[in-house]
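Chains, contacts and geometry: an overview
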Amino acid sequence: MAFFISAATHAQENIAINDLLNEANASTYSHPEQAGKIASYIVSQNESDKIHAQAKLILAKSYYVRGIYNTAIKNALEAKVLAQKTNDEAIKFETLVFAIKLLRILDLETVAKKYANKLISLKKQTKDNELILKIDGKLKQDDALVLLKSGKYLEADKSLKNAASLISKTKDSISTNEIKIAKFDLLLKSEKLQPNDIALKDFESISTSDFEKIQVLDIIGRQYFHDKEYQKAISSFEDALALSINLPNIQFKNKSLEGLSLSYLALEDTDSFFKYKQQSNLVSTQIVTDKNLATNTVFNFINSYLNEISESKVHQSYTSIYVLAGLLTLLILIGVSINYMYTSKAKEYLMIYKYISPKQTDEKHQPKVENIDKSSIIPVETEQMLLQKLSKFEMGKKFTKQDMSIALLASQFDTNTKYLSEVINRHKGKNFNGYINELRINYIIEKLKTDPIYFNYKISYLAEECGFSSHSSFTTVFKSVTGISPTKFMNYLQHQKESA
């Protein structure tokens, strides 16, 4: 009797878990946070590898829908490993397909291709005709997205048609809608294909979840922008932004902000342009950080997997050594990919490091007579006097006056422009304009470092504050001095202050 009671209880628990899985799966694309909570609960229970794999997959999808790729790929890879421990071909298929999708987003093409080959191997092993059809459809869809990313639009269009034909036979509505969205995206990007017969109202009908609605609104907004119907584009991007905040999804939030900033720029509404551009810059920094972390997660996952293989297979045949060598090669390729992604960011950090870090005592303010060029036509005493006056000038604020010129400064120094120009050229390493511009940029950078209120000012005010007559000239000079734009510099500086 106890045996039957235990069996009945276990069966009821399985039904309850399956009901939770179905509920989480159904809400993933409209209520990802709720789906994630349900999946996390299931993961915390002592369930089978199959149940764990399903829950981890839902958890991965819930983070993908929210645009948080680091946590998404971590759970996707864990789900894939759990699925491989089971005999369930369907869950193996689902985890591989989703891992490939995320790896493509992260531009880890080598790893994605390796997983695609595993999908081909699964196709060869299975006797399930419906699963074979699904695998063929998803492989064609993956090929199309790779071609689309590389700009091969005609080939991508052909693969999308083949994928649509195969997937239509599987009743996979999510993949069907993904293909329709990819098709419309292709038409917008392509120079050879034109969206002649596409009705926006028909396209809107494919959106069955909030996640799909955001994608549809983004594409419609880009279509309106392409057609120079900027007010309609703004309306679509605003709707997409509201949905992306509510869902939430940080990736499409950024796309919506970028769409709004460009639309307002086209309408010459500079205030609105800067408003949305600054928000977009902040969100972009979070996205880049998350993507870099996600790439690291893949690297660490494979490294950990490699260590497990090394420990468990140490006494096996030389075949294991070949596998190890293959994985090491893969690690090197991923390392190169990660290094490439970080290099561009490292360059920007190096460009602004000397401006963010505390300044050392500047020896140029303490000129010495013995260092003065003896071949100069300027008397030694005059040259030393001018260097001392320049040192005092640099510690003041007169260089922020817009009417500052070499003639005016020479007059204030009781000398002539020829003497002053020669001293600046030889001792400062630049002409007068370059010298004044660098002083102005360093002045405003110091203000940003020491007075937080300056982060609330517009770029045009900062330009005027340090002596520039226009926003554009300030931006150009700032970038020539620091290597990056004022907005990026302020974002990095503010991020450093917040994390300090």
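Residues numbered from 1 in each chain as written. Predicted model: local features only at pLDDT ≥ 70, side-chain atom pairs only at ≥ 80, totals over all residues. Heavy atoms only, no water.

**Observations concerning the packing of helix H12 (residues 230-246) against helix H13 (residues 250-266)**
Keep this limit in mind: Fitted lines through C-alpha atoms give the axes, limited to the stretch in contact for helices. The angle between two N-to-C directions lies from 0 to 180 degrees. Working definition: helices are DSSP H or I runs of at least four residues, strands are E runs of at least two. Numbering for both runs from the N terminus. When describing relative orientation, an angle under 35 degrees is termed roughly parallel and one over 145 degrees roughly antiparallel, while 65 to 115 degrees is termed roughly perpendicular and anything else oblique. What makes a crossing left-handed is the near helix being turned counterclockwise from the far one by less than a right angle; a clockwise turn instead makes it right-handed. By the convention used here, residues are in contact when the closest approach between their heavy atoms is within 4.5 Å. Classes in brief: Ala, Val, Leu, Ile, Met, Phe, Trp, Tyr, Cys and Pro nonpolar; Asp, Glu, Lys and Arg charged; the others, Gly included, polar.
Between H12 and H13, whose axes approach to 8 Å, the crossing angle comes to 155°. It follows that H12 is roughly antiparallel to H13 by the angle criterion. The two elements H12 and H13 meet at a crossing, and its hand is left-handed. Residues Tyr230, Ala233, Ile234, Phe237, Glu238, Ala240, Leu241, Ser244 and Ile245 of H12 form the contact with H13, whose own contacting residues are Phe252, Lys253, Ser256, Leu257, Gly259, Leu260, Ser263, Tyr264 and Ala266. Per-class residue counts for the contact of H12 with H13 are 12 nonpolar, 4 polar and 2 charged.

**Some remarks on the side chain of Asn70**
Spelled out, the test is: For each residue, the accessible area found with a 1.4 Å probe, counting protein chains only, is set against the maximum for its type, and the residue is called buried under 20%, exposed over 50%, and partly exposed in between.
Looking at the element boundaries, Asn70 is found in helix H4 (residues 69-84). The exposure class assigned to Asn70 is buried, which follows from its relative accessible area of 18%.

**Observations regarding the environment of Leu462**
Residue placement: Leu462 occurs in helix H20 (residues 459-465). When the C-alpha atoms of Leu462 and Pro486 are compared, they prove to be 9.5 Å apart, with 24 residues separating the residues in sequence. Excluding its chain neighbours within four sequence positions, the residues that come into contact with Leu462 are Ile444, Leu448, Tyr454, Tyr457, Phe474 and Met490.

**Quick look at the nonpolar core**
For soluble globular proteins, the rule of thumb is that nonpolar side chains tend to be buried together. This is how the line gets drawn: Throughout this description, the term nonpolar core refers to a set of buried Ala, Val, Leu, Ile, Met, Phe, Trp, Tyr and Cys residues connected via side-chain atoms within 4.5 Å.
One finds Tyr64, Ile73, Leu102, Leu103, Tyr115, Leu119 and Val298 to be the most contacted residues of the largest nonpolar core, which totals 43 residues. Looking at this core, the elements with two or more residues in it are helix H3 (49-65), H4, helix H5 (89-105), helix H6 (109-125), helix H7 (129-149), helix H11 (210-226) and helix H14 (270-312). Here this core takes 9 residues from H5, the largest share from any one element. Counting 38 residues, the second largest nonpolar core, distinct from the first, contains Phe393, Tyr435, Ile436 and Tyr443.

**Considering helix H9 (residues 173-189)**
For the record, the criterion: Each residue after the first adds 1.5 Å to the expected span of a helix.
In this model, H9 (17 residues) spans 24 Å end to end at C-alpha, consistent with the 24 Å of a helix rising 1.5 Å per residue. Residues of H9 that are buried: Ser175, Asn177, Ile179, Ile181, Ala182, Phe184, Asp185, Leu186, Leu187 and Leu188.

**Considerations on the packing of aromatic side chains**
What counts is decided by this rule: Only rings of Phe, Tyr and Trp enter the pairing, Trp through its six-membered ring, and a pair is recorded when the two centres are within 6.5 Å. The plane angle decides the type: under 30 degrees is stacked, over 60 is edge-to-face, the rest tilted. Comment: the charge-over-ring label is applied if NZ (Lys) or CZ (Arg) is within 6 Å of the ring centre and within 35 degrees of the ring normal.
Using the criterion set out here, one finds 16 aromatic pairs in the structure. On the numbers, 5.4 Å between centres and 70° between planes, the contact of Tyr64 with Phe211 is edge-to-face. With a gap of 147 residues between them, Tyr64 in helix H3 and Phe211 in helix H11 connect regions that are remote in the sequence. Here Tyr64 and Phe211 have matching classes, each one buried. Put simply, the rings of Tyr29, Tyr64, Tyr69, Phe98, Phe211 and Phe252 touch in pairs and so form one group of aromatic residues. One cation-aromatic arrangement involves Lys80 over Tyr115; the distance from NZ or CZ to the ring centre is 4.8 Å. Here Arg440 stacks its cationic end above the ring of Phe468, 5.5 Å away from the centre of that ring.

**Focus on the side chain of Ser62**
What counts, and what does not: Distance and chemistry together define a polar contact, namely a pair of N or O atoms within 3.5 Å, with one atom able to donate a hydrogen and the other to accept it when in protein, and with adjacent residues in sequence counting only for side-chain atoms on both sides.
Structurally, the position occupied by Ser62 is in helix H3. On the basis of relative accessible area, Ser62 is assigned to the buried category, the value being 0%. In this structure the side chain of Ser62 is engaged in a polar contact, spanning 2.7 Å, whose partner is the backbone oxygen of Leu59. Setting aside chain neighbours within four positions, we find Ser62 in contact with Thr28, Pro32 and Gly36.

**What to know about H3**
In this model, H3 (17 residues) spans 24 Å end to end at C-alpha, consistent with the 24 Å of a helix rising 1.5 Å per residue. Counting buried positions along H3 yields 13 of 17 residues, so the element is predominantly enclosed. Positive backbone phi, approximately 80°, marks Gly67, located one or two places after H3.

**Topic: the pattern of salt bridges**
Pairs can form between side chains of opposite charge once their charged atoms are near each other. Test applied: Think of a salt bridge as a Lys or Arg side-chain nitrogen and an Asp or Glu carboxyl oxygen that are within 4 Å of each other.
Counting across every chain of the model gives 17 salt bridges. Of the charged contacts in the structure, one is a salt bridge between Asp88 and Lys50, with a shortest N-O distance of 2.9 Å. Here the residue Asp88 occupies a position in the loop between H4 and H5, and Lys50 occupies one in helix H3, the gap between them amounting to 38 residues. The partly exposed category is assigned to Lys50, whose relative accessible area is 35%. The closest approach of N and O atoms between Arg426 and Glu383, which form a salt bridge, is 2.3 Å. Of the two residues, Arg426 is situated in helix H18 (residues 417-428) and Glu383 in helix H16 (residues 380-394); the sequence distance between them amounts to 43 residues. For Arg426, a relative accessible area of 31% translates into the label partly exposed. On the basis of relative accessible area, Glu383 is assigned to the buried category, the value being 0%. Each member of the salt-bridge network shares a partner with another, and the members are Lys56, Lys74 and Glu78.

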